[in-house]
Amino acid sequence: MPRFMGFVRMEEGVGTPPQALFEAMDAYIGEQAEKGVFLDGGGLYGTEDAVNFVVRQGEVSRVDGPYAEAKEVVGGWAIMQYDTLEDAVADQREFAELHAKYWPEVTVISTLRQISTGPEAPGD
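Rules of the game
- Along every chain, residues carry numbers that run from 1 in the direction the sequence is written.
- Side-chain atom pairs in this predicted model are given and counted only at pLDDT of 80 or more, local residue features only at pLDDT of at least 70, and totals for whole chains, interfaces and linings cover all residues.
- Hydrogens are left out, water is left out, and the side-chain values use all remaining heavy atoms of the structure.
- Numbering of helices and strands starts at the N terminus; helices are DSSP runs of H or I of at least 4 residues and strands are runs of E of at least 2.
- Between the first and last residue of a helix there are one fewer steps than residues, each counted as 1.5 Å, and that sum is the expected span.
- Burial here depends on accessible area, computed with a 1.4 Å probe over protein chains only, as a share of the maximum for the residue type. Under 20% is buried, over 50% is exposed, and the range in between is partly exposed.
- Arc definition: directions from the helix axis to the C-beta atoms.
- Contacts are assigned to residue pairs that have any heavy atoms within 4.5 Å of one another.
- In this analysis, axes come from line fits to C-alpha atoms, helices being fitted only over the stretch in contact, and the angle between any two N-to-C directions falls in the range 0 to 180 degrees.
- When describing relative orientation, an angle under 35 degrees is termed roughly parallel and one over 145 degrees roughly antiparallel, while 65 to 115 degrees is termed roughly perpendicular and anything else oblique.
- Here a crossing is called left-handed whenever its near helix is offset anticlockwise from the far helix by less than a right angle, and right-handed whenever the offset is clockwise.
- Ten residues, namely Ala, Val, Leu, Ile, Met, Phe, Trp, Tyr, Cys and Pro, are considered nonpolar, four, namely Asp, Glu, Lys and Arg, are considered charged, and the remaining ones, Gly among them, are considered polar.
- Salt bridges are identified by distance alone: a Lys or Arg side-chain nitrogen within 4 Å of an Asp or Glu carboxyl oxygen.

Some details on helix 1 (residues 19-34)
For helix 1, spanning 16 residues, the distance from its first C-alpha to its last is 23 Å, which sits close to the expected 22 Å at 1.5 Å a residue. Looking at helix 1, one finds that the buried residues are L21, A24, M25, Y28 and Q32. The arc that holds every buried residue of helix 1, seen down its axis, measures 100 degrees, which confines them to one face. Every exposed residue of helix 1 that faces more than 90 degrees away from the buried side is listed here: D26 and E34. The inward-facing, buried residues of helix 1 abut strand 2 (38-43) and helix 2 (85-102). G36 lies just past helix 1 and shows a positive phi near 85 degrees.

Some details on unusual backbone geometry
We note that Q57 has phi near 55 degrees; this positive angle belongs to a residue other than glycine. The topology assignment puts Q57 in the loop between strand 3 (51-56) and strand 4 (59-64).

Considering the packing of helix 1 against helix 2
Angle between the axes and distance between the axes: these two values describe a pair of packed helices. Between helix 1 and helix 2, the least distance of the axes is 9 Å, while the angle of their chain directions is 165 degrees. Taken as axis vectors, helix 1 and helix 2 run roughly antiparallel relative to one another. Crossing geometry of helix 1 relative to helix 2 is assigned as right-handed. Contact with helix 1, carried on its side by A20, L21, A24, M25, Y28 and Q32, involves D91, E94, F95, L98, H99 and Y102 of helix 2 and no other residues of that element. Looking at the contact of helix 1 with helix 2 residue by residue, the class counts come to eight nonpolar, two polar and two charged.

Description of the pattern of salt bridges
Tallying each qualifying case throughout the model produces two salt bridges. For the salt bridge of E72 with R9, the shortest nitrogen-to-oxygen distance reads 3.3 Å. Residue E72 is located in strand 5 (residues 72-81), and its partner R9 is located in strand 1 (residues 3-11); the two are separated by 63 residues in the primary sequence. On the basis of relative accessibility, which here comes to 40%, the residue E72 falls in the partly exposed class. Across the pair E97 and R93 runs a salt bridge, and its minimum N-O distance is 3.0 Å. With E97 and R93 both in helix 2 and four residues apart, this pair spans about one turn of that helix. The exposure class assigned to E97 is partly exposed, which follows from its relative accessible area of 41%. Relative accessible area serves as the criterion here: at 59%, R93 is assigned to the exposed category.

Next comes the structure, spelled out in C-alpha cells:
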C-alpha cells in the first residue's frame, strides 16, 4: 500500500488558525485514522527556533532562524497510506477544502507526495 506525505505551506506569521478549522481537522483526521489512512502528523512551530544545516561545496554550516527571506513555510505535515493514488489525491483535496472553508483569508498550498521506498520511480 503506497504511503504519502501531505503538508501545508503558508506565509509565516499569518497567525493562529481559527478554532473551527482545528475542530474540523480533528474530526477529519479522526475519521482518516479510523480507516487506517492517517498514520501520523502534526503542526509545526514557526521558523524562529528552526535550525538548518547547509551543505555547500562540501562544507557544512549551521544557520539558525529566524529567516527573513522565508516567504512560505511548512505549517503542518501528515503521513498517510492509500490503496491508490486517486484515493490519495481525493483526500488531499478534501483536506485543502477544510482550509478554504474555515480559513479563507489565508493562502495555503496543500501538497501531496508519494514516499519512495527505494530507487524506483513513483508507480513502479
